[in-house]
Amino acid sequence: MKKLLPLCLLLASLFGCYAGPTNDPAATNAPSTILNPTHPMTFPIEHTDAEWRKRLTPEQYRVLRQADTEAPFTGKYWNTKEPGVYRCAACGSVLFTSRDKFDSGCGWPSFSDLAAKGTVLERQDDSHGMRRTEVVCAHCGSHLGHVFDDGPAPTGLRYCINSAAIDFGSETQTNQPKN
Ligand SMILES: [Zn+2]
């Protein structure tokens with residue numbers, strides 16, 4: 001019996017590691033619900049389509065407002081490594097920070113977590129014959145990209161975001177969203 005105790009402790013500690021914060025949704029900033037595509041959504045910042053066209057570049061408009069995806073390895077931030085924050089290119093909300101950016105090799109800026117809880121909403125996306133989870137800005141509803149569950153620990157998430165949907169800047173800039 002005496003020999004069993006260390007073994008039990010070892011197993012308990014292994015199990016403890018295995019069942020650690022990785023799978024605990026409370027440990028991440030990720031939203032807990034994926035919204036149905038037909039779920040009505042309203043946002044603090046709303047503009048008419050004509051206004052969005054005026055405010056955004058044609059490329060930003062295609063991605064942010066029409067859910068287009070830029071070609072991999074073509075966006076300006078897929079390989080950016082400088083410290084700073086990434087804001088929604090449509091409304092200026094801080095969405096991601098360089099601390100969670102990682103090299104996923106997929107050709108789009110990839111983040112393992114959000115800058116803060118509630119900065120994005122997740123919506124089921126069945127377009128192009130695939131079931132994916134779309135990520136939209138919680139402040140203005142603009143399309144940002146998709147989130148996948150093959151990211152690094154501790155979240156296990158990979159937010160795959162279009163460069164055209166975000167603006168990179170220093171953390172000390174004002175956090176006030178554009179109106
Ligand atoms: Zn936004």
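Refer to the structure presented above.
What comes next is a walk through the structure. Bear in mind the structure is a predicted one, so any value in this text is a computation, not a measurement. (Residues numbered from 1 in each chain as written. Predicted model: local features only at pLDDT ≥ 70, side-chain atom pairs only at ≥ 80, totals over all residues.)

Across its full length, the protein chain holds three helices and ten strands. Listed N to C, the secondary structure of the protein chain is α-β-α-α-β-β-β-β-β-β-β-β-β in terms of helices and strands. Scored against the burial criterion, the 179 residues of the protein chain give a buried share of 34%. Looking at the protein chain alone, contacts between residues at least 24 apart form 62% of all its contacts between residues at least 6 apart. (Helix = DSSP H or I, 4+ residues; strand = E, 2+ residues; numbered from the N terminus. Buried ≥ 20, exposed ≤ 12 C-beta atoms within 10 Å, placed from the backbone. Contact = placed C-beta atoms within 7 Å.)

As a general point, the strands of a sheet are linked pairwise by backbone hydrogen bonds and lie either parallel or antiparallel. The strand order E3-E2-E10 describes an open sheet built from three strands, whose pairing is antiparallel. Bordering the open sheet on either side are strand E3 (94-97) and strand E10 (166-169), each of which pairs with just one other strand. Averaged over all adjacent pairs, the angle separating strand axes in this sheet is 30 degrees, with direction ignored. Sheet analysis places strand E2 (residues 85-88) next to E10, joined by four bridges and oriented antiparallel. Residue pairing in the sheet places valine 85 in a bridge with glycine 169 of E10. (Pairing = 2+ DSSP bridges. Axes fitted to C-alpha atoms, helices over the stretch in contact; angles between N-to-C directions.)

Strand order in the open sheet made by the seven strands is E1-E6-E7-E8-E9-E5-E4, with mixed pairing throughout. Each having just a single partner strand, strand E1 (34-35) and strand E4 (101-102) make up the two edges of the open sheet. Bridge analysis of E1 against strand E6 (residues 120-125) gives two bridges, and the strand direction is parallel. Of the residues in E6, the one forming a bridge with leucine 35 is arginine 123.

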